[in-house]
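Geometric and topological summary
If you want the building blocks of each chain, they are given just below.
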Amino acid sequence: MKEPILSVRNLRTYFYTEDGIVKAVDGVDFDVFQGETLGIVGESGCGKSVTSLSILRILDEKGRIVEGSIVFDNVDLTKISEESMRKIRGKDIAMIFQEPMVALNPVFTIGEQIVEAIVLHQKVDETTAKKMAVDLLRKVGIPEPEKRVDEYPHELSGGMRQRAMIAMALSCKPKILIADEPTTALDVTIQAQIMELMKQLQREYGMAIILITHDMGVIAENADRVVVMYAGKAVEYTDVKTLFNDPKHPYTWGLLHAIPRLDIEQTRLYNIPGIVPNPLKFPTGCKFHPRCEFAEEKCKSEEPELKEVVNGHLVRCFFWEKVEQAKKKEAGDKQ
Amino acid sequence: MTEILLSVKNLKKYFPVKQGFLIKRTVAEIKAVDDVSFDIEKGKTFALVGESGCGKTTVARTVLKLTNPTEGQIFFENTDISKFGYSELLPFRRKMQIVFQDPMSSLNPRMTIGQIVTEPMIFHKVARTKQEAYDRAKSLMEMVGLKAFHLDRYPHQFSGGQRQRIAIARAIAIEPEFLILDEPTSSLDVSVQAQIINLFLDFQERFRFSYLFISHNLGLVRFISHTVGIMYLGKIVELGETDEVFEEPLHPYSMALLSATPIPDPKVERSRQRIILKGGVPSPISRPSGCFFNPRCPYKMEICEKVYPEFRKVSENRWVACHLVK
Ligand SMILES: Nc1ncnc2c1ncn2[C@@H]1O[C@H](COP(=O)(O)OP(=O)(O)OP(=O)(O)O)[C@@H](O)[C@H]1O
Ligand SMILES: Nc1ncnc2c1ncn2[C@@H]1O[C@H](COP(=O)(O)OP(=O)(O)OP(=O)(O)O)[C@@H](O)[C@H]1O
Ligand SMILES: [Mg+2]
Ligand SMILES: [Mg+2]
């Protein structure tokens, strides 16, 4: 059996705001293996970014990990000192942020920022670091990197800023790369190029990737395993092929229906009825029940657990078998 | 009868590239937008697509006069606003809004969401009182899938997709006739994206809003836009009705771009043929001579290295800049 490089168990991260407790992450489990890509998908606000901020322990002052463990290289990151954590951040575990301007400092050129990251964790002088920076910028597909390296973030296009940040995250060859919507601002060609670069690093030295995205196309193409999150909880966890061919949670099933496609003509986009629940006042029982077409009385009062329903396929739903029937019916209708 | 809301003619925007340690000298120019023309009809959506860095956001910023064009005209409701100053622009500002690509950098971190969303309503006198603005803000929050109590919070307390929706709420607060959407749903999952896109469609149906829609998500572009312009290194290389361009792209770059989109189905996806472009991504600082696309073009001819092809009308609704197309 392979050993995971990162194991997250029953993670719960809450924000203690004036209005009450925001249960941003409330029960998330997954494993990340060396050289593999774990995808995290789920609706806006379901806790994907807070999960990754928890792994790196960079929550704002109101946020706290209240339960669970995050085991990396046999140490529980929730228990170690801030100083030990600082050595891991950026070096062993690096992150690509959803919004590049959060990670980039507007008053320094992108070259200065990448050089700083390199010099901080590697024993090289600044001239070498600058060469490495230019090289990285070339690898992420920025044309004429010798000129671009001296530009400020605002002088770059949105996609270039995103790639500059990717270059910075990759500069120290992390063991785990957390990529939070890494290619949202990129066109498909460069998106493919970036994903290829990440895969190459994966093959070369076994980097593991946590890929957070709402783009099911990107997941289909790049992930090995996938966690589906809903309202702070992992609701389904399995390998990528099974997820697309045989989703078992009603939410996942709905999610796969809402994708706009190039190869099919549509007049209106399907969306899951109802809205994402308020994290200050989650519904009782299963958090998805108010929007679920399969829900029964039981779902309103009892909370299902994340359970293995078939080999390696974990689902948090009492009535996942109903989804099976619906899928069969749908397949029948198509014929 | 078609009614043109916005007409952009020969728009150019160049940025100087400076180098030097103490004395910065201009060593080159980035022709971010180079002779771009297009029209947007009232109640319709025009989409701009193309590789990262090809100039889409710069077109958007220049059209709204957030930065001055180097050359060219921008007709909004038949008035050329390209040389207007602050006060002349004011009446137009109320009619056009933009949702920026990077919401974090466009939301003031020290203002609450309530202040952010009500400010334009008060400034443009769309709401008479603070209370009225606040009430509207509440319903706007619901429209974009957020809650009224969110109005008291600050931008950093939201998820990326929630911030994007706050930017959308602010932009639609004053019911602008013309809305530029620069990757408006890039941080949204498919389900919330559907809700937001359907909201844009409702506005269009009810109030005849016009949109300039910028996105890398070609599935979405096909779904939402009526006409589309495909940009390459600062120029539009193909323009036409969206369905027609997607069914039968004429420019080799359009063909490659459309074939590269992943299809969200691992079975189809891993067995499909794609045109992968050869050669490095060109730089807008030193563009190739002749047609800018020639070093990567599978159909390159001799003339393509020498002459930039004229952007011309090739059929009823189609303009293309390519020597190949008759
Ligand atoms: N600093 C904070 N203070 C209070 N609430 C917060 C804070 N950061 C995040 N939240 C809340 O926690 C929930 C989860 O946020 P998170 O950023 O993890 O969502 P996400 O899944 O990444 O969504 P998206 O796809 O929109 O980026 C959201 O409801 C958000 O409003
Ligand atoms: N303020 C500026 N100063 C200097 N150069 C700029 C400035 N703004 C944009 N540029 C340059 O203009 C070119 C076009 O940038 P623009 O942001 O319009 O691209 P884009 O098509 O929106 O790309 P993306 O899809 O990555 O957002 C880029 O080469 C960029 O570096
Ligand atoms: Mg997020
Ligand atoms: Mg842009």
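Structure: see above.
**A closer look at helix α4 (residues 113-123) of chain B**
Residue and element names in this part refer to chain B. Within α4, the full set of buried residues consists of Ile113, Gly114, Ile116, Val117, Thr118, Pro120 and Met121. Elements that come into contact with the buried residues of α4 comprise α5 (130-143) and α6 (160-172). Residue Lys125 follows α4 closely and has a positive phi angle near 55°.

**Re the coordination of the magnesium ion (ligand 3)**
Residues and elements named next belong to chain A. Protein ligation of the magnesium ion (ligand 3) involves Ser49 (OG) and Gln98 (OE1), the donor distances falling in the range 2.0 to 2.3 Å. Of this pair, Ser49 sits in helix α1 (residues 48-56) while Gln98 sits in the loop between β6 (93-96) and α3 (100-103), and the two are 49 residues apart along the sequence. Accessibility classification places Ser49 together with Gln98 in one group, the buried group.

**Structural notes on the coordination of the magnesium ion (ligand 4)**
Residues and elements named next belong to chain B. Only Thr57 (OG1) and Gln101 (OE1) from the protein reach the magnesium ion (ligand 4) as donors, at distances of 1.9 to 2.4 Å. In this pair, Thr57 sits in helix α1 (residues 56-63) while Gln101 sits in the loop between β6 (96-99) and α3 (103-106), placing the two residues 44 residues apart along the sequence. Looking at Gln101, the relative accessible area reads 16%, which means it is buried.

**Regarding the sheet that holds strand β4 (residues 71-76) of chain B**
Residue and element names in this part refer to chain B. Here we have four strands laid out as an open sheet, ordered β2-β1-β4-β5, and antiparallel in their pairing. Only two strands of the sheet have a single partner each, and these edge strands are β2 (25-41) and β5 (79-80). Bridge analysis of β4 against β5 gives two bridges, and the strand direction is antiparallel. Within β5, the residue paired with Phe75 across the bridge is Asp80. Sitting on the sheet, α1 touches β1 (4-19), β2 and β4, and the angle it makes with β1 is about 115°.

**A few points about the pattern of salt bridges**
Residues and elements named next belong to chain A. Under the counting rule described, the total for this entry stands at 42 salt bridges over all chains. The residue Glu18 makes a salt bridge to Lys62 at a minimum N-O spacing of 3.5 Å. Pair noted here: Glu18 is in the loop between β1 (6-17) and β2 (20-32) and Lys62 is in the loop between α1 and β4 (63-72), with a separation of 44 residues, a long-range link. On the accessibility criterion, Lys62 (26% relative accessible area) is partly exposed. For Glu297, the salt bridge identified is with Lys300, shortest N-O distance 3.2 Å. With a gap of three residues between them, Glu297 and Lys300 both fall in helix α12 (residues 297-301), about one helical turn apart. One network of salt bridges, with partners in common, ties together Arg12, Asp26, Glu67, Lys233, Lys287 and Glu303.

**Some details on the site of ligand 2**
Around ligand 2, a shell composed of 22 residues is seen, among which Ser157 and Gly159 of chain A together with Ser52, Thr57 and Thr58 of chain B lie nearest. Neighbouring residues of ligand 2 are not confined to a single chain but are spread across chains A and B. Contacts to ligand 2 include Glu155 of chain A, whose backbone N or O atom sits 2.7 Å from an oxygen atom. The separation between an oxygen atom of ligand 2 and a polar main-chain atom of Gly55 of chain B is 2.9 Å. In isolation ligand 2 has 640 Å² of accessible area, and contact with the protein removes 92% of it. Here the residues of the shell around ligand 2 are counted per class, giving eight nonpolar, 11 polar and three charged.

**Remarks on the sheet that holds strand β8 (residues 210-214) of chain B**
Backbone hydrogen bonds are what pair the strands of a sheet, in a parallel or an antiparallel way. All names here are of chain B. Taken in spatial order, the eight strands line up as β6-β7-β8-β3-β9-β10-β12-β11 in an open sheet, and their pairing is mixed. Pairing within the sheet leaves two strands with one partner each, and these edge strands are β6 and β11 (312-315). The sheet shows a mean angle of 20° between the axes of neighbouring strands, direction not considered. With three bridges joining them, β11 and strand β12 (residues 318-320) adopt antiparallel strand pairing. Across the sheet, residue Arg312 finds its bridge partner in β12, namely Val320.

**Remarks on the site of ligand 1**
Taken together, 24 residues lie near ligand 1, and Ser44, Gly45 and Asp60 of chain A together with Ser159 and Gly161 of chain B sit nearest. More than one chain reaches ligand 1: the nearby residues come from chains A and B. Cys46 of chain A places a main-chain nitrogen or oxygen 3.2 Å from an oxygen atom of ligand 1. In this structure, an oxygen atom belonging to ligand 1 sits 2.7 Å away from a side-chain N or O atom of Ser49 of chain A. Considered on its own, ligand 1 offers 640 Å² of accessible surface; in the complex 96% of this is hidden by protein. Of the residues in the shell around ligand 1, the class split is seven nonpolar, 13 polar and four charged.

Parameters and conventions
- Residues numbered from 1 in each chain as written.
- Chains lettered and ligands numbered in written order.
- Predicted model: local features only at pLDDT ≥ 70, side-chain atom pairs only at ≥ 80, totals over all residues.
- Heavy atoms only, no water.
- Buried < 20%, exposed > 50% of the residue type's maximum accessible area, 1.4 Å probe, protein only.
- Helix = DSSP H or I, 4+ residues; strand = E, 2+ residues; numbered from the N terminus.
- Contact = heavy atoms within 4.5 Å.
- Donors = N, O, S within 2.8 Å, 3.2 Å for Na, K, Ca; no water.
- Pairing = 2+ DSSP bridges.
- Axes fitted to C-alpha atoms, helices over the stretch in contact; angles between N-to-C directions.
- Salt bridge = Lys/Arg side-chain N within 4 Å of Asp/Glu carboxyl O.
- Near = heavy atom within 4 Å.
- Polar contact = N/O pair within 3.5 Å; in protein donor to acceptor, adjacent residues only side chain to side chain.
- Areas by Shrake-Rupley, 256 points an atom, 1.4 Å probe, with all protein chains shown as cover.
- Nonpolar A, V, L, I, M, F, W, Y, C, P; charged D, E, K, R; others polar.

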